[in-house]
Amino acid sequence: MSRLQKIYNYAEPNLFLVVIMGGLGYPLYYWVWEFLFPQPYENVWLRLFCSASALLLAFRHSLPRYLKRYLPHYYLFAIGLCLPFFFFYMMLMNNWSDVWVLSFMSSIFIHILLVHDTRVMFMQVVISLVLAGGAAYFASNGTIELAHKASFIPIFGFTYVFGNLFYFRNQTEHEAKVSIAKSFGAGIAHEMRNPLSALLSSFEVMRSVVPNSNSSYRHSYHLNAQEIQTMNDIIDDSMKVIWAGNETIDLLLTSIDKNRVSTSTFCKHRAKLVLENAVTSYAYKNESERRAVHIEIDEDFEYLGSDTLLKYVVYNLLKNAFRHRGTGKFSITIRSKKTSDGYSLLVKDTGLGIEPELIKNIFEDFYTTGKNGTFGLGLSFCKKVMTSFGGKIKCRSTQGKWTEFELQFPHYTSNKITHIKRELMKSKSLLYIGQAHSLIQEKLSEVSSQTELALKTVSMEEASEYEEHQFEYNLIVIDGRLDRQGWAFMSRLEGKLSFTEARIAFLHDPMDTRNLYFQRYVAIELFEWQQFFEQTANSLDYLMFDQLKQVESLPAYNEISTQRTVMIVDDNHSLRSITSIMLEKQGLHVLQAENGQVALDKLKQESVDLILMDIEMPVLDGLTTTRMIRDSNEEYASIPIVGYTGDKSEETIIKINEFGMNDYIVKPTPKDELIDKVASWI
């Protein structure tokens, strides 16, 4: 199936041409060969059948979800029918005429372009030619000669074999380049996450050592209250930078092979708040640069998109403005205005300006104005960001005086935003935890079929048996009308939801005052059951795309049992050391190993209760080490192993489970989350 899906995905951009070529070409050439240049044999019904087969592909996006999974099969059927079967059959029925020999040769080239997989293409050719030969033999009552001009057969075979091989080599080289680009990006991410993890852990240790402004022990330090508050502010700001950097890494990595920005985190934002945050957090070189930027937001507005991406756009515009500031008095003004179809943010500077002949090219990839240290990717990515928001970016300038960039956003309630939401819903997933065939489940099924939202329903008992990695959904809706047994299952479920990135909605009866313990672990959105039932579509839109209410986080109530031993296996010395400090402060005994082989040696000498295992390490990686531990006949074969990884892609999570790890945690990890995860296993 993966092979067929790959063929279909590769051909998808050309399917419009396939529809035009097949849908119109077969009827058109019936007129050509029947009336303009008459041939001995024609078959209008076969042509119409081939035409209809091609035209059906025009409606592929309108098919229901359960039929779309069969599109690769249908595509190969349609290509086999319309190319090798049809042209070989017509060539036989026309007694190998020159016209149809050349036509069959042309079909070979098109066939190679549309089905590039050698094995699938040759299976398709053999089946199609056999069926076409049989059909021609019976249609002519056995009068045709299947090998009338056998001298052409080696030519056809040569064309199929070497045409496919040459094309396959080109395709393989192209995929290799894409793979290198992905690997390069993944390598950068891996190398960046380790120092970021170490930095984050360092700040966590600083926070555990440096008292806050309310600490009764602060006078035992040579720091006054103001200095303590300043240091805590620095820690908070630095952590925000780290999280923003990791989010940017995720966004850029998801865009490597798509030539577009990732839309997976899009939700509603207030432009003024995001803009002020961007201007405040920008890395100014000095105080004069900071004073040069002025914000005049008269019209605040809502937009659908990513706050990180909009900040990225603002950062780029500020950076470009400062780079072209000139020597005179300089300022940057950012203001908003309402337009006929939405809102605009105007970023205007009094710098050198841009030459008129350059403006039309500045949003193209790799286009630069000749400044050193630039690669021409900033403004092109800004254009992709604004396009993904449903908007535009424009530039106006007077050389030597000023430059103004206009970021145009559509109304949040516009048809354009509604269309973007509808497309985003197709890629989102919903887990409903409740009774099948209940009123809520039927409502969710109805909305799911309308929006193509992937819906899965499980009972509370089934959900309580899930592993943590099985809650990887965009939204989880829990029916909170529970009996005593249901609440018992809920108590089992609550801890497992602590590490999911899904938004969680809990449908409850306002009269039920039962304490929701799992609010200590996750931010939840409480919904009255009746309100959700009556306004299901609007409620899902809110849960998927609105910024949810901020719920004050409660401290995690997992406690770590002392006299337990944890082994940290990671090739990053700083990360091992700092993580050890945090765990030792909880009363744990911590062992360290720099790779899997050292970990195996220590397991033979020490009794260990839990292993935190990095995935990528020299000598022996984490996955292989885990497999060796599980396959051993030693006492430590069943020890809990938690993957400690910077890669949370679906492929990695699948491998983590396949190789025998019990759980995983993503670098960089805040102290509370790390301790809570360790506590849940020991």
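Nothing here was measured: the structure is a model prediction, and the numbers come from that model. One numbering rule holds for all chains: residues counted from 1, following each sequence as written. For this predicted model, a pLDDT threshold of at least 70 governs which residues receive local features, and a threshold of 80 or more governs which side-chain atom pairs are given and counted, while totals over whole chains, interfaces and linings are taken from all residues. Water and hydrogen atoms play no part in the side-chain values, which are based on all heavy atoms of the structure.

A.B. asks: Give a detailed account of the overall build of the chain, specifying residues and quantitative values.
C.D. replies: Of regular secondary structure, the chain possesses 25 helices and 17 strands. Contacts are residue-level and defined by heavy atoms, with any inter-residue pair within 4.5 Å sufficient. Expressed as a percentage of contacts within the chain between residues at least 6 apart in sequence, the contacts between residues at least 24 apart total 71%. Note that accessible areas follow from Shrake-Rupley with a 1.4 Å probe, and for residues the cover is restricted to the protein chains shown. When the accessible surface of the chain is split by element, carbon and sulfur atoms take 55% of a total near 35,800 Å². Strands here are runs of E lasting at least two residues and helices are runs of H or I lasting at least four, both read from the DSSP assignment and numbered beginning at the N terminus.

A.B. asks: How would you summarise unusual backbone geometry if you had to cite specific residues and measurements?
C.D. replies: Even without being glycine, Trp96 reaches a positive phi, approximately 60°. With respect to the helices, strands and loops of the structure, Trp96 is situated in the loop between helix H5 (71-93) and helix H6 (98-114). Categorising residues by exposure relies on relative accessible area from a 1.4 Å probe, with only protein chains included: less than 20% of the type maximum marks a residue as buried, more than 50% marks it as exposed, and the intermediate range marks it as partly exposed. Trp96 sits in the buried class, given a relative accessible area of 1%.

A.B. asks: Tell me what's going on with the state of the cysteines, and back it up with residues and numbers.
C.D. replies: When two cysteine sulfur atoms are found within 2.5 Å, that pair is recorded as a disulfide. One pass over the structure, following the stated rule, counts zero disulfides. No disulfide involves Cys50; its sulfur sits 4.4 Å from that of Cys82, the nearest cysteine. A relative accessible area of 0% means that Cys50 is categorised as buried.

A.B. asks: Go over the sheet that holds strand E7 (residues 402-410), please, and point to the residues and values.
C.D. replies: Spatially, the five strands line up as an open sheet ordered E2-E4-E5-E7-E6, and their pairing is mixed. In this open sheet, the two edge strands, each paired with only one partner strand, are strand E2 (293-296) and strand E6 (392-398). Ignoring strand direction, the axes of neighbouring strands in this sheet form an average angle of 20°. One requirement defines pairing of two strands: DSSP has to find at least two bridges between them. As paired elements, E2 and strand E4 (residues 332-339) share four bridges and run parallel to each other. When the bridges of E4 are listed, His294 appears paired with Thr333. Each axis is a line fitted through C-alpha atoms, and for a helix only the stretch in contact is used; angles between axes span 0 to 180 degrees, taken between their N-to-C directions. The sheet strands contacting helix H10 (residues 271-281) are E2, E4 and strand E5 (342-349), and the helix crosses E2 at an angle near 170°.

A.B. asks: Outline the side chain of Ser306, listing residues and values.
C.D. replies: For Ser306, the location among the structural elements is in the loop between strand E3 (302-305) and helix H12 (307-323). At a separation of 3.2 Å, a polar atom in the side chain of Ser306 contacts the main-chain amide nitrogen of Thr308. Contacts described as polar in this section are N or O atom pairs within 3.5 Å, which, within protein, must combine one atom able to donate a hydrogen with one able to accept it, while residues neighboring in sequence count only if both atoms come from side chains.

A.B. asks: I'd love a proper account of the nonpolar core, names of residues and values included.
C.D. replies: Among buried residues, those of type Ala, Val, Leu, Ile, Met, Phe, Trp, Tyr and Cys that are joined through side-chain atoms within 4.5 Å constitute a nonpolar core. Core analysis: the largest hydrophobic core is formed by 67 residues, its most contacted members being Phe322, Ile332, Phe389, Leu407, Phe409 and Phe532. The greatest single-element share of this core, amounting to eight residues, is contributed by H12. Residues contacting Phe389, with those up to four places away along its chain left out, are Phe266, Tyr303, Leu304, Gly305, Ser306, Leu309, Leu310, Phe409, Pro410, Ile417 and Ile420. Ranked by size, the runner-up nonpolar core spans 47 residues in total, among them Val19, Tyr89, Leu114 and Ala136.

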